[in-house]
Amino acid sequence: MQLGIVTLFPAMFAAVTEYGISGRAVRSGLMNLELFNPRDYTTDKHRSVDDKPFGGGPGMLMKTEPLMASIAAARRAVEKKHAAGADKTKVIYLSPQGKTLKQDSIIDLAQRESMVLLCGRYQGIDNRVLESEIDEEWSLGDFVISGGELAAMTLIDAMTRFQPGALGDEGSALEDSFSNGLLHSPEYTRPQSINGQDVPEVLLSGDHEAIRKWRLKQSLGATWLKRPDLLQAMSLETEQEELLEQFKQDYLHD
Ligand SMILES: C[S@@+](CC[C@H](N)C(=O)[O-])C[C@H]1O[C@@H](n2cnc3c(N)ncnc32)[C@H](O)[C@@H]1O
């Protein structure tokens, strides 16, 4: 995946390019990030990247000309690396006003060959840039952070998990919470017993079918307890309904 990132703080992206699974995906060329700083596209002697909003009010906006020039440069650079016939690169603005990112949107976005991510700063961007340059707005959730970098890095990290070859075990992203609509079941590692708390016996049994059922039951139960809204949005299969009912009975009689 080719990513052009427009940001006033390119150094922040070391968090995804140097560490963990996303760092490995960058080093192996699965994810290719190119950073574009609007400050490099300024023409005034102070290299200003902010400007006052018309009509007054608190705060500043990102200065329009360097912003538009850096978006155009990012789009050109990313499209140059495109396979022939690839779809036009979309420009995504990370914004609290966008559609909230969910696992199913991450899975869709992760299929794209390229994208430009615009990280806002200050009070955001001129509305004409929004209308003329931005194809999609995506949000982390209903709260405001100080800049789009953390949101862009979150998106990049989450999309990396769905690039073939990025994870040690291909199937693990598909078993993560939300991928099948449910929360992941609880997990245990060594030691087998700690402070009087034991690992559930079924996990030591070696009986794969019993373990599958136990995990599905716990996954349904965790979702029922922590995120009942997710269950309401699903239609459960017969086995799932039965296991959830068993979980509820166990829970209520404990
Ligand atoms: C201080 S915010 C600007 C908020 C804007 N004045 C508003 O109220 O809609 C600065 C930048 O942080 C980013 N940002 C803030 N909250 C975000 C969120 N929930 N999701 C994604 N990006 C966000 C955006 O890129 C935004 O341009």
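Residues numbered from 1 in each chain as written. Predicted model: local features only at pLDDT ≥ 70, side-chain atom pairs only at ≥ 80, totals over all residues. Heavy atoms only, no water.

*Asks:* Residues and numbers for the site of the ligand, please.
*Replies:* Contacts to the ligand come from 20 residues, most closely from Tyr93, Leu94, Gly120, Gln123 and Phe143. Within the side chain of Gln123, one N or O atom sits 2.9 Å away from a nitrogen atom of the ligand. Here Ile145 contributes a backbone N or O atom positioned 3.1 Å from a nitrogen atom of the ligand. Of all the secondary structure elements, the ones that give two or more residues to the shell around the ligand are β5 (90-100) and β7 (136-139). (Near = heavy atom within 4 Å. Polar contact = N/O pair within 3.5 Å; in protein donor to acceptor, adjacent residues only side chain to side chain. Helix = DSSP H or I, 4+ residues; strand = E, 2+ residues; numbered from the N terminus.)

*Asks:* Tell me about the packing of aromatic side chains, residues and numbers included.
*Replies:* Per the counting criterion, the structure on display carries 3 aromatic pairs. Centre to centre, the rings of Trp224 and Phe247 are 6.2 Å apart; their planes meet at 80°, and the pair counts as edge-to-face. With Trp224 in helix α8 (residues 208-226) and Phe247 in helix α10 (residues 238-253), this pair connects stretches of sequence that are 23 residues apart. Note on Phe247 and Tyr251: the rings are 6.3 Å apart at their centroids and 10° apart in plane angle, and the pair reads as stacked. (Phe/Tyr/Trp six-rings, centres within 6.5 Å; stacked < 30°, edge-to-face > 60°.)

*Asks:* Can you break down the sheet that holds β7 residue by residue, with the values?
*Replies:* Judged by pairing direction, the sheet is parallel, and its 5 strands sit side by side in the order β2-β1-β6-β5-β7 without closing on themselves. Across the chains shown, the open sheet's two edge strands, defined by having one partner strand only, are β2 (32-36) and β7. With strand direction ignored, the average angle separating the axes of adjacent strands in the sheet is 35°. Against the sheet, helix α3 (residues 64-80) makes contact with β1 (2-6), β2, β5 and β6 (114-119), and its axis sits at roughly 170° relative to β1, the strand it touches most. (Pairing = 2+ DSSP bridges. Axes fitted to C-alpha atoms, helices over the stretch in contact; angles between N-to-C directions. Contact = heavy atoms within 4.5 Å.)

*Asks:* If you had to explain the packing of α8 against α10 to someone new, which residues and values would you point to?
*Replies:* Between α8 and α10, whose axes approach to 9 Å, the crossing angle comes to 70°. The orientation of α8 with respect to α10, classified from their angle, is roughly perpendicular. Crossing of α8 against α10: the hand is right-handed. For the pair α8 and α10, contact is made by Arg212, Lys213, Leu216, Lys217, Gln218, Leu220, Gly221, Ala222, Trp224 and Leu225 and by Glu239, Gln240, Leu243, Leu244, Gln246, Phe247, Lys248, Asp250 and Tyr251, respectively. Residues belonging to the contact of α8 with α10 are distributed by class as follows: 9 nonpolar, 4 polar and 6 charged. (Parallel < 35°, antiparallel > 145°, perpendicular 65-115°, else oblique. Left-handed = near helix turned anticlockwise from the far one by under 90°. Nonpolar A, V, L, I, M, F, W, Y, C, P; charged D, E, K, R; others polar.)

*Asks:* Mind laying out the domain arrangement of the protein chain, listing which residues take part and the relevant values?
*Replies:* Domains assigned within the protein chain are domain 1 (2-160) and domain 2 (180-253). Distance from the C-alpha centre of domain 1 to the C-alpha centre of domain 2: 39 Å. (Domains from an automatic or database assignment.)

*Asks:* Give a detailed account of the pattern of salt bridges, specifying residues and quantitative values.
*Replies:* Overall, the coordinates contain 13 salt bridges when judged by the stated rule. Asp229 is the salt-bridge partner of Arg227, the closest N and O atoms lying 2.9 Å from each other. (Salt bridge = Lys/Arg side-chain N within 4 Å of Asp/Glu carboxyl O.)

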